[in-house]
Amino acid sequence: MSDVDLPVAVIGAGPFGVSTAAYLRSRGVEFRIFGSPMHRWRTQMPAGMLLKSEGFASNLADPAGRRTLQQFCEEEALPYEGIPVSRETFSRYAVAFQQRLVPMVEDVSVTMLDRQTNRFQLRLATGEEVRAKKVVVATGLSHAEYIPAKLAKLPAELLSHSSNHHDLDKFKGREVVVIGGGQSALETAALLNEAQATVTLLVRRSSNRVA
């Protein structure tokens, strides 16, 4: 471990972490950023998912304002105007953004974060320990999955969280119960239906509305 405290450490290499790092780099602030770039978007969110935000509202924060989703789609000859933004397109855009503006991402997990008197101490999965004056935690919803205790005892072959499924085609021809009334539950149910599964959606209300 170095005796010199790092000015800033960024934990997480998703949209927020990468955008933060892009701004730190543009200001000449020394930092290190840890995480697998766009891991949740690339491997946990379901294929076929569409963003709720429109294209103009789905840009990562580029200090120069040039690396927009529209610019990426034009560069890659992808459709942009008048269509919902797909998970696949956004993930490709965000990875390209990271590679161009924040190529120094360290693909390693942070296993410990401890706040000390005037600094933070981090331990990486490699065993390396890092001290930083400030830390930006940008892990999003990773590791925030929740399963009610009464359901948690079901065997793994019968119970899973929506974040465990990137490809829903494996449920073709099967009966699936989706529990929840939020965006994730509704979209998972719709995609399961498209994958030709028989879907039942359980919610606590007689009707459901998602903003």
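Below you will find a few notes about this structure.

### As for the pattern of salt bridges
- Taken as a whole and assessed by the stated rule, the structure comprises eight salt bridges.
- Of the charged contacts in the structure, one is a salt bridge between Asp5 and Arg131, with a shortest N-O distance of 2.9 Å. Of this pair, Asp5 sits in the segment before strand E1 (6-11) while Arg131 sits in strand E5 (residues 129-137), and the two are 126 residues apart along the sequence. This pair shows no difference in class: Asp5 is buried, exactly as Arg131 is.
- For Glu106, the salt bridge goes to Arg32, with nearest N and O atoms at 2.7 Å. Separated by 74 residues along the polypeptide, Glu106 in the loop between helix H4 (87-101) and strand E3 (110-115) and Arg32 in strand E2 (residues 31-34) bring together distant segments of the chain.

### Considerations on the sheet that holds strand E4 (residues 120-124)
- Here five strands make up an open sheet; going across it, the order is E2-E1-E5-E4-E3 and the pairing mixed. Among the strands making up the open sheet, the edge pair consists of E2 and E3. Adjacent strand axes in the sheet meet at a mean angle of 40 degrees, parallel and antiparallel pairs treated alike.
- Sheet topology places E4 next to E5; four bridges connect them, and they run antiparallel. Note that in E5 the partner of Leu122 across the bridge is Val130.
- Lying on the sheet, helix H1 (residues 15-26) is in contact with E1, E2 and E5; it crosses E2 at an angle near 165 degrees.

### Some remarks on the packing of aromatic side chains
- Under the defined criterion, the tally for this structure stands at four aromatic pairs.
- Taking 4.7 Å as the distance between ring centres and 50 degrees as the angle between the ring planes, the aromatic pair formed by Trp41 and Phe90 counts as tilted. Here Phe90 lies in helix H4 and Trp41 lies in helix H2 (residues 39-43), a separation of 49 residues in the sequence. Of the two residues, Trp41 and Phe90, neither departs from the other in class, the shared state being buried.
- Ring geometry for Tyr93 against Phe97: centres 6.3 Å apart, planes inclined by 70 degrees, an arrangement best described as edge-to-face. Here the residue Tyr93 and the residue Phe97 both occupy positions in helix H4, the gap between them amounting to four residues, near one helical turn. Just as Tyr93 is buried, Phe97 falls in that class too.

### Quick notes on the side chain of Gln121
- Positionally, Gln121 belongs in strand E4.
- Within the local environment of Gln121, its side chain forms a polar contact with the side chain of Gln116, the two groups lying 2.7 Å apart.
- Within polar-contact distance, the side chain of Gln121 engages the side chain of Glu129 at 2.5 Å.

Reading the values: rules and limits
- Residues numbered from 1 in each chain as written.
- Predicted model: local features only at pLDDT ≥ 70, side-chain atom pairs only at ≥ 80, totals over all residues.
- Heavy atoms only, no water.
- Salt bridge = Lys/Arg side-chain N within 4 Å of Asp/Glu carboxyl O.
- Helix = DSSP H or I, 4+ residues; strand = E, 2+ residues; numbered from the N terminus.
- Buried < 20%, exposed > 50% of the residue type's maximum accessible area, 1.4 Å probe, protein only.
- Pairing = 2+ DSSP bridges.
- Axes fitted to C-alpha atoms, helices over the stretch in contact; angles between N-to-C directions.
- Contact = heavy atoms within 4.5 Å.
- Phe/Tyr/Trp six-rings, centres within 6.5 Å; stacked < 30°, edge-to-face > 60°.
- Polar contact = N/O pair within 3.5 Å; in protein donor to acceptor, adjacent residues only side chain to side chain.

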